[in-house]
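# Summary of structural features
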Amino acid sequence: MEEISVLLAGMMPVVENWLRTAVREEVANALEADRQQAKPEKMYSREEVCELLHISKPTLWVKTKNGEIPATHAGRRVLYSESAIKKYMEG
């Protein structure tokens, strides 16, 4: 019985170190995920989208009106999210 106690006592520092490392990694991953969510998505103007997609403003207007490329309005400005542009390019 004493041998088991000695063996367990010898393993404790190893287990503690492993547990500490695992917790640090999980906390780091959770913090990084929170940082990624906190970043605002990049928004593009009509001119920038036309340049990226090599299309004219009237073509972009039609695609926006048809719902192919969703837009957001910020006052009088029309903005397009990076994810919306990527989705359009993929599809």
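Residues numbered from 1 in each chain as written. Predicted model: local features only at pLDDT ≥ 70, side-chain atom pairs only at ≥ 80, totals over all residues. Heavy atoms only, no water.

## Section: the sheet that holds strand β1 (residues 43-45)
The antiparallel open sheet is built from 3 strands, whose spatial order is β1-β3-β2. Edge positions in the sheet fall to β1 and β2 (72-74), since each has one partner strand and no second. With direction set aside, neighbouring strand axes in the sheet form an average angle of 45°. Note that β1 and strand β3 (residues 77-81) share 3 bridges and pair antiparallel. Looking at β3, one finds that Met43 is bridged to Ser81. Sheet strands touched by helix α2 (residues 46-53): β1 and β3. Its angle to β1, the strand with the most contacts, is close to 90°. Packing of helix α4 (residues 82-90) onto the sheet brings it into contact with β1 and β3, and relative to β3 it is tilted by some 60°. (Pairing = 2+ DSSP bridges. Helix = DSSP H or I, 4+ residues; strand = E, 2+ residues; numbered from the N terminus. Axes fitted to C-alpha atoms, helices over the stretch in contact; angles between N-to-C directions. Contact = heavy atoms within 4.5 Å.)

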